[in-house]
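Residues per chain are reported as follows:
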Amino acid sequence: MKIQPKDKRQLLAAAMGKINCDLAVKNVKYVNLFTGEVYPATVFVHQGFVVHVEDQDLSAGLDKADKVVDGEGRYIVPGLIDSHVHIESSMLTPRQFARAVVPHGVLAVVTDPHEIGNVFGEDAVRYMHDAGCDLPMRQFIDIPSCVPAVPGLEQAGASFEAAVVDRLAKLPNVIGLAEVMDYLGVVNGSDRMMEFLEAADRNGLYIQGHIHVPENNRRLLSAYLVGGPHSCHETTQAFEAKAKLRGGMYVDARDSSISKNVADIWQGIKDLPWRDRLCLCTDDREVDDILETGQLDDVLRHAIALGMNPIEALKACTLNPAQEAHLENLGMVAPGFTADFLLVDDLEGFTIDSVWFGGKQVASRGKLTCEIAEKHFELEGRNSMQVPELSPEDFKLKAPAGCTDRVRVNVQHYTSLKSSLTRLSCEELPVKDGCVDLSQDEDLFYAMIINRYGAGTRSFGVVRGFGAKRGADASTVSHDCHNLCIVFKDAESGYAAYRELVKCGGGICCAVDGQVKCTLPLPCGGLMSNEPCEVAARQSLAMKKALKEELGMPQENPLLRIVTLALPVAPAVKFSDLGLVDVMEQKFLPIFPDFAD
């Protein structure tokens, strides 16, 4: 994709000095990401594009600029480009997201709206596209490829096929096919995935990947690359990062609110001579984290602190992501490129003085200096909570007929308090009054997944290692189908949390002893707040505090602990609204193994 000017002849004339240009930025240290040099320059801008960079006679042409800005010796660098992000995970609507991230120098994102796509289908993608227009940043859309993530193992609010790609590809800001999570479907040439990949090629879309590579199976990666995906944000280990770069894959090193992988990735690749396909991304970063510590600018500073050269780190946030996403004239301050740039005080600390979008200043010293028009969309008020009517009795796990003392149960067992990885354990648990009794084991909790799209399905089981000590944690933020998930110690608390989220239209809440303690309402698709970013941030912080203090959850960020409970693409055992899933075998497991059909 190439951003087109209104009048190229005008740009040519401005570049040649035949007509006045709109803006000249003088007295700057110019960071050249093509050569790695830093040198004094003056940058000329016209109609939103860079038309000339003068590095010889620094005062030449200033009289031909309608406006001259003194950079006062600061560095001029491209606006940051997040190579992979889910705006929904910020819990903000696209326009509020812009208000939050633009002051941090983020002027373009490649977003995958598969979270809300799983809720409202094609309407959701069109909403994210339209709501992301007319902003002081560029929100590009990759079409979700896995709605639902694993067909047959879960039910979402929609199901995307290849024909959806053909329709959505016509939207102006659609540039790619989003993270292809069904990597087994790709390498095995399944009909569904082949149709998706062919549709992407047919519409000129780049293909974003998502694959975990075993240490002893490089052929899996090779086959995946042959299939078409050429990037991945799911790299978590050093050996994986090196293997992917060696194969020509773009590695989108991620520091999200829950998964921080940049340090491990850097450790694995820092000795490689070339790292031109390394990008930095945020994936899932919450609003309070954005406002408090930053977005992609925070990831950049982390990479520099780990020992990455500041210019290389900057390139991994600008030019490399642009090349990954085939954005031809973004990611550099150079003739013919968009005039999306930052003036920064220093490269290592990356302190941003001002933010410029299309040659106009839009933020200064962490504050917006432009207006973002309020627009309201029908989908933001649409109810997504089509759940069955349940009673407190439904929150008791009934043991099979005839079990009066003990029963064996297949349990989803988290391997650590920080990881979303789980394993299967089979445990013999007590039965009391005909129900499985977890009261004597502090680490065991019930888990219920309730379909919220009118299918009427739900599953009920047991989870170990979740991290809570009491009460109930409930959320409609649940990757990727976003069904209603509830982890609870007692039926009364589980039922109270269920009722609260139905009433408020979705979100996150916690309850103890049958009483709701805190709620974070997310009525837009059960994923996003309709409030201003500052209000949503305060609500998010209050929710985190309640999860820690009321439920006793020890994680640094307990908010997203529940969101991968029902993600059947993450190893090795997960719940869905249809049952307990063996992820690697892609089959269902019985809750009570001795009573399986």
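Structure: above.
Just so we're clear, the structure is a prediction, and the values are computed from it rather than from any experiment.

*Asks:* What's the story with the overall build of the protein in this structure? I'm lost.
*Replies:* The helix and strand inventory of the protein stands at 16 helices and 29 strands. Its C-alpha atoms give the protein a radius of gyration of 25 Å, near enough to 25 Å, the size a compact globule of 597 residues would have. Projected onto its principal axes, the C-alpha coordinates of the protein cover approximately 90 × 50 × 45 Å. A total of 597 residues make up the protein; the buried ones form 62% of that total. Intrachain contacts of the protein at a sequence separation of at least 6 include 69% that bridge at least 24 residues. Counting only carbon and sulfur atoms, one obtains 48% of the accessible surface of the protein, whose full area is about 22400 Å². One way to put it: in the protein the 59 positive side-chain charges average out to a point 2 Å from where the 83 negative ones average out.

*Asks:* Would you take a moment to explain the side chain of Asp-297 for this structure?
*Replies:* Its location among the elements puts Asp-297 in helix 12 (residues 296-305). Not counting residues within four places of it along the chain, the set of residues in contact with Asp-297 comprises Leu-80, His-104 and Phe-350.

*Asks:* So what exactly am I meant to see when it comes to the pattern of salt bridges here?
*Replies:* Any two side chains of opposite charge can pair, given that their charged atoms come close. This structure, assessed with the given rule, holds 35 salt bridges. Notably, a salt bridge pairs Arg-254 with Glu-234, separated by 2.8 Å at the nearest N-O pair. Taken together, the positions of Arg-254 in strand 12 (residues 250-254) and Glu-234 in the loop between strand 11 (231-232) and helix 9 (238-246) put the pair 20 residues apart, joining distant regions of the chain. Pair check on accessibility: Arg-254 and Glu-234 agree, each one buried. A salt bridge links Lys-544 to Asp-289; the nearest nitrogen and oxygen atoms lie 3.8 Å apart. Residue Lys-544 is located in helix 16 (residues 533-549), and its partner Asp-289 is located in helix 11 (residues 287-293); the two are separated by 255 residues in the primary sequence. One continuous salt-bridge network, built from bridges that share partners, spans Glu-72, Arg-74, Asp-345, Asp-353 and Arg-365.

*Asks:* Teacher, can you tell me more about the sheet that holds strand 29 (residues 587-589) here?
*Replies:* Sheet strands pair via backbone hydrogen bonds, and the direction of the pair is either parallel or antiparallel. Judged by pairing direction, the sheet is antiparallel, and its three strands sit side by side in the order 27-28-29 without closing on themselves. The outermost strands of the open sheet, each flanked by one partner alone, are strand 27 (573-576) and strand 29. Pairwise comparison of adjacent strand axes, ignoring direction, gives a mean angle of 45° for this sheet. Sheet topology note: the strand 28 (residues 579-582)/strand 29 ladder contains three bridges and is antiparallel.

Parameters and conventions
Residues numbered from 1 in each chain as written. Predicted model: local features only at pLDDT ≥ 70, side-chain atom pairs only at ≥ 80, totals over all residues. Heavy atoms only, no water. Helix = DSSP H or I, 4+ residues; strand = E, 2+ residues; numbered from the N terminus. Rg over C-alpha atoms; globule rule 2.2 N^0.38 Å. Buried < 20%, exposed > 50% of the residue type's maximum accessible area, 1.4 Å probe, protein only. Contact = heavy atoms within 4.5 Å. Areas by Shrake-Rupley, 256 points an atom, 1.4 Å probe, with all protein chains shown as cover. Lys, Arg positive; Asp, Glu negative; His and termini not counted. Charge placed at Lys NZ, Arg CZ, Asp CG, Glu CD. Salt bridge = Lys/Arg side-chain N within 4 Å of Asp/Glu carboxyl O. Pairing = 2+ DSSP bridges. Axes fitted to C-alpha atoms, helices over the stretch in contact; angles between N-to-C directions.

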